[in-house]
Amino acid sequence: MKLDRAFKWMALQMHKRVYADDVLALNEASAVREPVAADAASPSLLCIALPEGAAEIKRMERGRSEIFEGVRSGFARCYDALADEPGERGRGEEVAREVFPDEIMDYDPKEYAGWRDYCKRAKGGFDPMDTYRGYREEDDED
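Every chain is numbered independently, its residues counted from 1 as its sequence is written. Only residues with pLDDT of at least 70 are given local features in this predicted model, and only at 80 or more are side-chain atom pairs given and counted; all residues enter the totals for whole chains, interfaces and linings. Side-chain metrics rest on all non-hydrogen atoms present in the structure, leaving aside hydrogens and water.

Undergrad: Is there a simple way to explain the overall build of the protein in this structure?
TA: Helix and strand definitions follow DSSP, with helices as H or I runs of at least four residues and strands as E runs of at least two, each counted in order from the N terminus. A tally of helices and strands in the protein yields 5 helices and 0 strands. When its helices and strands are written in sequence order, the protein yields α-α-α-α-α. Expressed as a percentage of the 142 residues in the protein, the buried residues total 15%. We call two residues contacting when some pair of their heavy atoms lies within 4.5 Å. Taking the contacts inside the protein whose residues are at least 6 apart along the sequence as the reference set, 40% of them involve residues at least 24 apart. Exposure classes here rest on a 1.4 Å probe applied to the protein chains alone. A residue is buried below 20% of its type maximum, exposed above 50%, and partly exposed in between.

Now the structure itself:
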């Protein structure tokens, strides 16, 4: 039974071992300063952390708004770190508010399948991705 395996995995604290292994791998990758060849045997790793002083989500947090703000902050930080165009760097917060607008918190997740479903059904067919200037329709084809 799959649930028995999951219970045993958690009871043996294996998830913490995987986390510790991942942290060690990221720390090791952060120490490497030379570029990694595109044909390297192992993947390139990049550590991205929230800025100093940024609020972190508590370990057992279940509040929807707190988790939402954490997702938005993480997106903003990743956007700033990975933006191709130098002029886009530093706009993470602004873009995060475009992609994750405050209105997301207005819908009941028990009533709708997600933000896009809410917009399509409750807002007359509106697709929230249309407002984000970085969105391309071909991204949806997968």
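Undergrad: For this particular structure, what's the right way to read the confidence of the model for the protein?
TA: The predicted structure's coordinates, where accompanied by low pLDDT, should not be read in detail. How sure the predictor is of each residue is captured by pLDDT, a score from 0 to 100. When the pLDDT values of the protein are averaged, the result is 82; 87% of them are 70 or greater. Element-level mean pLDDT values for the protein span from 81 in helix α5 (residues 115-122) up to 92 in helix α3 (residues 64-82).

Undergrad: What is the right way to look at the packing of aromatic side chains in this model?
TA: Two numbers describe a pair of aromatic rings. These are the distance of the centres and the angle of the planes. Pairing of aromatic side chains here covers Phe, Tyr and the six-membered ring of Trp, requires ring centres within 6.5 Å, and sorts the geometry by plane angle: under 30 degrees stacked, over 60 edge-to-face, intermediate tilted. Counting across every chain of the model gives 6 aromatic pairs. With a centroid separation of 6.4 Å and 80 degrees between ring planes, the pair formed by Y107 and Y112 is classed as edge-to-face. For Y107, a relative accessible area of 12% gives the class buried. Following the ring pairs from residue to residue traces out a cluster consisting of F68, F75, Y79 and F100.

Undergrad: Can you help me understand the nonpolar core in this one?
TA: The nonpolar side chains of a soluble globular protein tend to be buried, and buried together. Buried residues of nine kinds, namely Ala, Val, Leu, Ile, Met, Phe, Trp, Tyr and Cys, make up a nonpolar core once their side-chain atoms join them within 4.5 Å. Among the nonpolar cores identified, the biggest contains 7 residues, and these are F68, I104, Y107, Y112, W115, Y118 and C119. The element contributing the most residues to this core is α5, with 3 residues. When residues no more than four places from it in sequence are discounted, the contact partners of Y107 are R64, Y112, G114, W115 and Y118.

Undergrad: Before we go on, may I ask you to explain the pattern of salt bridges in this structure?
TA: Pairs can form between side chains of opposite charge once their charged atoms are near each other. By definition, a salt bridge exists where a carboxyl oxygen of Asp or Glu is found within 4 Å of a side-chain nitrogen of Lys or Arg. Overall, the coordinates contain 8 salt bridges when judged by the stated rule. A salt bridge links R72 to E69, with the shortest nitrogen-to-oxygen separation between them at 2.7 Å. In this pair, R72 and E69 both sit in helix α3, 3 residues apart, roughly one turn of the helix. E69 gets classed as partly exposed once you look at its relative accessible area, which sits at 34%. Here the salt bridges share partners, and the residues they tie into one network are E69, R72, R97 and D102.

Undergrad: So what exactly am I meant to see when it comes to the packing of α3 against helix α4 (residues 92-99) here?
TA: Relative orientation and spacing of two packed helices are given, respectively, by the angle between their axes and the distance between those axes. Fitting a line to C-alpha atoms yields each axis, with helices limited to the stretch in contact; the angle taken between N-to-C directions then spans 0 to 180 degrees. In the contact formed by α3 and α4, the axes pass within 8 Å of each other and the chain directions differ by 130 degrees. Relative to α4, the element α3 lies oblique. Every pair of crossing elements has a handedness; the one defined by α3 and α4 is right-handed. When α3 is examined against α4, the residues R72, F75, A76, Y79 and D80 are found in contact with a partner set consisting of G92, E93, V95, A96, R97 and V99. Only Asp, Glu, Lys and Arg are considered charged, only Ala, Val, Leu, Ile, Met, Phe, Trp, Tyr, Cys and Pro nonpolar, and every remaining residue, Gly among them, polar. When grouped by side-chain class, the residues that make up the contact of α3 with α4 number 6 nonpolar, 1 polar and 4 charged. Throughout, the term roughly parallel applies to angles under 35 degrees, roughly antiparallel to angles over 145, roughly perpendicular to angles from 65 to 115, and oblique to all others. In this scheme the handedness of a crossing depends on how the near helix is turned from the far one: anticlockwise by less than a right angle means left-handed, clockwise means right-handed.

Undergrad: Please explain the environment of D108 as it appears in this structure.
TA: Within the element layout of this structure, D108 appears in the loop between α4 and α5. As used in this structure description, the phrase polar contact means that two N or O atoms lie within 3.5 Å; if the pair is within protein, one of them must be able to donate a hydrogen and the other to accept it, and residues adjacent in sequence are counted only when both atoms belong to side chains. At 2.9 Å, the side chain of D108 forms a polar contact with the backbone nitrogen of K110.

Undergrad: Explain the environment of D117 here, please?
TA: With respect to the helices and strands, the residue D117 is situated in helix α5. In sequence terms D117 and Y107 are 10 residues apart; their C-alpha atoms lie 10.0 Å from each other. In this structure the side chain of D117 is engaged in a polar contact, spanning 2.8 Å, whose partner is the backbone nitrogen of A113.

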